[in-house]
Each structure stands twice: as structure tokens, then as C-alpha cells.
Number of protein chains: 2
Amino acid sequence: MYLTDRLPRETGRDYALRTIKENIIRLELAPGSMVSENELAAALGLSRTPVREALIELNKVRIVEIYPQRGSSVALIDPALVEEARFMRRVMECAVAELACTTLTPEWLSRLQENVRLQNFYIQAETPYPEMLMSLDDQFHELLFGAANKPQTCQQVANLSIHFERVRSLALSTVKDPQIVRDHEALLDAIVNRNPERARRLMETHLGRYAIDVQALKEQYPDYFKK
Amino acid sequence: MYLTDRLPRETGRDYALRTIKENIIRLELAPGSMVSENELAAALGLSRTPVREALIELNKVRIVEIYPQRGSSVALIDPALVEEARFMRRVMECAVAELACTTLTPEWLSRLQENVRLQNFYIQAETPYPEMLMSLDDQFHELLFGAANKPQTCQQVANLSIHFERVRSLALSTVKDPQIVRDHEALLDAIVNRNPERARRLMETHLGRYAIDVQALKEQYPDYFKK
DNA sequence: AGTCAAGAACTAGTATGGAAGAATGCAACA
DNA sequence: TGTTGCATTCTTCCATACTAGTTCTTGACT
């Protein structure tokens, strides 16, 4: 397992959740593999309680399966759930892009602009940091939810997104396409100009760029998939 | 606290979650009031562990606040969160109504028809059971998510809905309007006839009927509200 | 050899005790 | 009177022990 240091002030439960989630996305904990509270607790240097609480939370979004008195496993990749995560994200983000046209405040605008500025910096850097761009990309979308005053909605969407992120990781798709940054700029422009129709349309085409051929992955890694 | 029997095969954690949630919605656990693992555990006849796990889950959707080493409280009513729950529900349900026009199968159709049939029965009964109608209403919307093959999305929407349900409870709004059943019938008709635009429009106006004047409630019960 | 039952070895669910941190009250002191 | 410091008493967080249920092994018997 990939292990990182426990952050200051981070509870054991949050540390366990963050680490387990990360390892599931990276496929370090393989789809379908059994995990036990005991093993994870030992690996993380914690007791079963915080680990168990983390597993319960992951079970809520069907990324971990718990069979009482039998064991727990990392869920196999379920194409229906991956599609559902995509669906929910697309629907909510388009609605938020529209809404942001009427709710955007100068403070949120400046945060979004700063984010885009950084994206441009890292895309032009000689040594590109793909994980940095990825993180900025996530941040941009989160900022939009913030600008629309819908942070909890963002959280609920993110809950399901793990299914999509895992598949993205399996496809080794690192997003360093400069077009994505152009998309963000155009989107922000539409929002600043209070053009909801255009914002929605841009978001729709933008999200289309993250498309992944799940069926092809299923043929390549059949053991990782459901059914 | 309102207590019901523990269901067969229900774990202590699920029982605690169900009961605490129910009591928060009914305002039996008042907004802003302190709750402690110990008190709840004693009231429910459980140990602190399952109660704690239930509180953690409720904290994830901001209906319970946990202050480490200080205590936990039922969150005050936050109009922004109530609005957010409404927003998320409206956006997702409209999208699902549209989608169901292309995904509806005969099995789901018959379930929906049976549901509407029961609604008509209970609305015409001499002794109306408001909680039964409410439950059937919830079921109808859940069935739509099922018909669109988006059950997890339904779950995520439901997570936030507790904020709205609590306010509805505070407003004492029992939904026994026959118009709602008519709405469901019209909506189902639009879906059966594969008319996504009409389905979306009907869902939009239908959800409008659940509107509640949160501001008025805030003036009537200022202690229950944030700020 | 094949079958079945008993028990060993796992699992998650629950109970409980203690540790760490935060609030409160009170006493000591300026 | 106002302030500081400490002890008390809360709380959640975590570790650990125990319970109960499942699976797998093992060995006796047919």
C-alpha cells in the first residue's frame, strides 16, 4: 500500500479514509481483492475502529463491499456505476455552470482566475507536473460549485466520482491536454459575461473530453470487472 | 425520543441511524440541541460504538455537527443547505425524468403503475393515512431513479434531502393534495409516450408544489435557524 | 475413496475502558 | 475588581476485548 504521513490534526479515521481511497483509485488495492479491518489497521498503524469507520463510509458509495461476519472487499468495477458517476457529474456541473452566471461574485471570480492562471503556468512548464494539473482541474470544478453556492452538492458528486477516477487510473489517462485549459478559460468567460446557455454548452463539450472506453478496458482487464 | 422496535436483521448501527434521523426530522431532537454518544446509546439500548458510527454518517451531510472532544449537536437549520437540497433534487429529478423516457422497461413501468394505483386508493380512502401517501410519494420518485438505472444518484440526493424534510416537518406541511397524484399520473404518461421535454416540464412544475416559505419559518422559530 | 460432522480459524459487530483535549468553576493573587 | 492557573468534568477518539456468525480444515466413519 502507498502510505503517506498523517497530516497534522488529522484524525485516525480521516487518515484511514484518505489512504484507503487513494489506494483504491491507484488500483494498489485491486478491484475484487479482499481487505480486512485487521490487515489495514496494521498497515496504517491504527486500531480496527477508525479503519472500520472508513470502510463503512466507502461502503456507502459501493466502492467497498462488506459481507457481515465474512469479510470486506474492494468492489469490482461496475460499468453501470461508472456511467452513473459520469451522469451525475455531467448533470450537476452543467446546472452549476448555468447557475454560476447569476451568482458569481468578485471574490469567486478572482479565485477562478488565479486557478486558470496557474493551469497556464503548469501547462507551459518544461517539466510538466501532471498530478498538479489534475489537482488544479479538480479545484476548478470545485470552485464553480463554490461560486454557485452549492458546496455540499459538490461533495455528493465527488462521493460517486471515485468510480470514475479508478477507471481513469486504469486507463492511464493523464490529462495534460492544453485544450482543457482553453475550455476552462472559455467557460469562465461565458460565466463572467452572464451567458448561461453558452456556459452550459461549453461545460457539456468540456466534460465530453474525459470520455473513456470502459468496454475496451473490460476486455483488457476482465478480472477487474463485474459479471 | 421516538423509539420504534429494531427491525429483524437490522444492525445496531442501522437502527441508531434510522432512529436518530427520524427524530431529527420530526424535530424531536431540536435544531441546535446537544446530543452525546452516551445519552443516545442509553436511550437506544446500545453501546456507544454503533451510535458514534451513525453520528459520523449524519455529520457527513452536515445535519449533525461534531466538535472533537467537545460534543456533538443537531445542526441549526441552514436556509442555504435547504435550498441546496432542493436544487440538487430538482436538477437530478428533471434529468432522470428525461432519461427514463428512453430507459423505461415493462417491469419498471408496472411497478410505477402499481404505485400510482395505490396512491389513488389512499387519496380516496375515508380515513386518509398521510404518512402512507408520503411514503408512496417518496417511493414514486425513487422508482423513477430506478427506471433510469440511477439508484446511487437517488441515494446521494436523499442524503441531502434530510435538510428539506426537516423544514417540511417544521411547516407541518402534510402533502395530501390530490393534485400531486394527478402530477404523477401525467408524468408517467409522458414517460410512457417517450416525451422527454414534457416529462421534464411536468417534473419541474410538480416539484414546485413542495415549495416552503423558509424565511417565514425563520421569523417564527428564530432559535432553530443559523445566524 | 467419499461423506459428513466437529472444531479451528477466520470475519465483522458490539461493548467497554482509557487517553487526549476542551470547557467550566473556583481559588489564589495582583 | 480583574486575572491567572489549576483541578474537575465533560466530550469525542481510539484501542482492545469479547460475541456471534461464516468458512475451511480435519479426521472419523461408511
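Residues numbered from 1 in each chain as written. Chains lettered and ligands numbered in written order. Predicted model: local features only at pLDDT ≥ 70, side-chain atom pairs only at ≥ 80, totals over all residues. Heavy atoms only, no water.

## A few points about the interface of chain A and chain B
What counts, and what does not: Note on definitions: a residue-residue contact is assigned when non-hydrogen atoms from the two residues lie within 4.5 Å. Accessible area, probed at 1.4 Å, shrinks when two parts are joined; the buried area is that loss added up over both. Salt bridges are counted wherever a side-chain nitrogen of Lys or Arg sits within 4 Å of a carboxyl oxygen of Asp or Glu. Two N or O atoms count as a polar contact when they lie within 3.5 Å, although within protein this holds only if one can serve as hydrogen donor and the other as acceptor, and sequence-adjacent residues are included solely when both atoms are side-chain atoms. The helix and strand labels rest on DSSP assignments: H or I over at least four residues marks a helix, E over at least two residues marks a strand, and numbering proceeds from the N terminus. Only Asp, Glu, Lys and Arg are considered charged, only Ala, Val, Leu, Ile, Met, Phe, Trp, Tyr, Cys and Pro nonpolar, and every remaining residue, Gly among them, polar.
On the chain B side, the residues contacting the 27 residues of chain A number 27 residues. A combined buried area of about 2,500 Å² lies between chain A and chain B, and 59% of that area is made up of carbon and sulfur atoms. The tally of links from chain A across to chain B stands at four salt bridges. B:Glu57 is the partner of A:Lys60 in a salt bridge, and the nearest nitrogen-oxygen pair spans 3.0 Å. Summed over the shared surface of chain A and chain B, the number is 10 residue pairs in polar contact (both at pLDDT 80 or more). Those elements that provide at least two residues to the side of chain A that touches chain B are helix H1 (12-25), helix H3 (48-60), helix H4 (79-103) and helix H7 (151-170) of chain A. Ranked by the residues each element gives to the side of chain A that touches chain B, the list is headed by H4(A), at 10 residues. Class assignment of the residues belonging to the side of chain A that touches chain B gives a composition of 13 nonpolar, five polar and nine charged.

## Description of the environment of A:Tyr2
Residue and element names in this part refer to chain A. Filter applied, for reference: Burial status follows relative accessibility: with a 1.4 Å probe on protein chains alone, a residue under 20% of its type maximum counts as buried, one over 50% as exposed, and anything between as partly exposed.
If you trace the backbone, tyrosine 2 turns up in the segment before H1. By relative accessible area, which is 44% here, tyrosine 2 ends up partly exposed. Spatially, the C-alpha atoms of tyrosine 2 and arginine 26 are 9.0 Å apart, while their sequence positions differ by 24 residues. The contacts of tyrosine 2, once residues within four sequence positions are left out, are Thr19, Asn23, Arg26 and Glu28.

## Observations regarding the packing of aromatic side chains
Short version of the rule: Under the pairing criterion, centres of Phe, Tyr and Trp rings, with the six-membered ring standing for Trp, must be within 6.5 Å; the plane angle then separates stacked pairs below 30 degrees from edge-to-face pairs above 60, leaving the rest tilted. Whether a charge sits over a ring comes down to the Lys NZ or Arg CZ being within 6 Å of the ring centre and within 35 degrees of the ring normal.
Applying the stated rule across the entire model yields four aromatic pairs over all chains. With a centroid separation of 5.2 Å and 85° between ring planes, the pair formed by A:Phe121 and A:Tyr122 is classed as edge-to-face. Overall, A:Tyr122 belongs to the buried group, its relative accessible area being 15%. On the numbers, 5.9 Å between centres and 10° between planes, the contact of B:Tyr221 with B:Tyr224 is stacked. The ring centre of A:Tyr2 lies 4.0 Å from the NZ or CZ of A:Arg26, which sits over that ring. Sitting above the plane of the B:Phe87 ring, A:Lys150 keeps its charged end 5.1 Å from the centroid.

## Observations regarding the nonpolar core
For clarity, the cut-off: Only buried residues count toward a nonpolar core. Its members are Ala, Val, Leu, Ile, Met, Phe, Trp, Tyr and Cys residues joined through side-chain atoms within 4.5 Å.
Core analysis: the biggest nonpolar cluster contains 85 residues, and A:Met92, B:Met92 and B:Leu187 have the highest contact counts within it. With residues near it in sequence (within four places) discarded, A:Met92 still touches A:Phe145, A:Thr153, A:Val157, B:Phe87, B:Met88, B:Val91 and B:Met92.

## Quick notes on the pattern of salt bridges
Counted under the stated rule, the structure contains 31 salt bridges over all chains. Put simply, B:Glu37 and B:Arg48 hold a salt bridge, and the shortest N to O gap is 3.9 Å. In this pair, B:Glu37 sits in helix H2 (residues 37-44) while B:Arg48 sits in helix H3 (residues 48-60), placing the two residues 11 residues apart along the sequence. By relative accessible area, which is 27% here, B:Glu37 ends up partly exposed. Several salt bridges share partner residues, and in doing so they unite A:Arg13, A:Glu53, B:Glu37, B:Arg48 and B:Arg52 into one network.

## Regarding the protein's contact with DNA strand D
Definition in use: The near set for a molecule or strand comprises every residue that places at least one heavy atom within 4 Å of it.
Taken together, the neighbourhood of DNA strand D is formed by 22 residues, with A:Gly12, A:Ser47, B:Arg48, B:Arg52 and B:Gln69 sitting nearest. Each atom of DNA strand D within 4 Å of the protein was assigned to sugar, phosphate or base; sugar and phosphate come to 70%. Between DNA strand D and the protein, one listed contact pairs a phosphate oxygen with a backbone N or O atom of B:Glu37 at 3.4 Å. B:Arg48 has a polar side-chain atom sitting 2.9 Å from a base nitrogen of DNA strand D. Elements with a contribution of two residues or more to the surface near DNA strand D: H1 and H3 of chain A together with H3 and strand S3 (71-74) of chain B. When residues of the surface near DNA strand D are assigned to their parent elements, the largest contribution, three residues, is made by H3(A). Looking at the surface near DNA strand D residue by residue, the classes come out as five nonpolar, nine polar and eight charged.

## A look at the protein's contact with DNA strand C
Neighbouring DNA strand C are 24 residues; A:Arg52, B:Gly12, B:Ser47, B:Arg48 and B:Arg70 lie closest to it. When atoms of DNA strand C within 4 Å of the protein are split into backbone and base, the sugar-phosphate part holds 62%. At 2.8 Å from a base oxygen of DNA strand C is found a side-chain nitrogen or oxygen belonging to A:Arg48. Between a base nitrogen of DNA strand C and a side-chain N or O atom of B:Thr49, the distance comes to 3.0 Å.

## Comments concerning the packing of helix H5 (residues 106-124) of chain A against helix H6 (residues 130-147) of chain A
Residue and element names in this part refer to chain A. Going by this rule: Only the stretch in contact is used when fitting a helix axis, every axis being a line fitted to C-alpha atoms; angles between N-to-C directions are given from 0 to 180 degrees. For this classification, under 35 degrees means roughly parallel, over 145 means roughly antiparallel, 65 to 115 means roughly perpendicular, and everything else is oblique. Left-handed describes a crossing whose near helix is turned anticlockwise from the far helix by less than a right angle; the clockwise case is right-handed.
Close contact between H5 and H6 brings their axes to 10 Å; oriented N to C, the two are set at 165°. Viewed along their axes, H5 and H6 adopt a mutual orientation that is roughly antiparallel. Here H5 runs over H6; the crossing is left-handed. For the pair H5 and H6, the contacting residues are Trp108, Arg111, Leu112, Asn115, Val116, Leu118, Gln119, Tyr122 and Ile123 in the first and Met132, Leu133, Leu136, Gln139, Phe140, Leu143, Leu144, Gly146 and Ala147 in the second. When its residues are assigned to classes, the contact of H5 with H6 shows 13 nonpolar, four polar and one charged.

## A few points about the sheet that holds strand S2 (residues 64-67) of chain B
Whether parallel or antiparallel, the strands of a sheet pair through hydrogen bonds between backbone atoms. Residues and elements named next belong to chain B. Applied cut-off: Between any two strands, pairing holds if DSSP finds at least two bridges.
Pairing is antiparallel across the open sheet formed by three strands, whose spatial order is S1-S3-S2. Edge positions in the open sheet fall to strand S1 (34-35) and S2, since each of these has one partner strand only. Pairing geometry for S2 and S3, over four bridges, is antiparallel. Its bridge partner lying in S3, glutamate 65 is registered against serine 73. The sheet strands contacting H3 are S1 and S2, and the helix crosses S2 at an angle near 110°.

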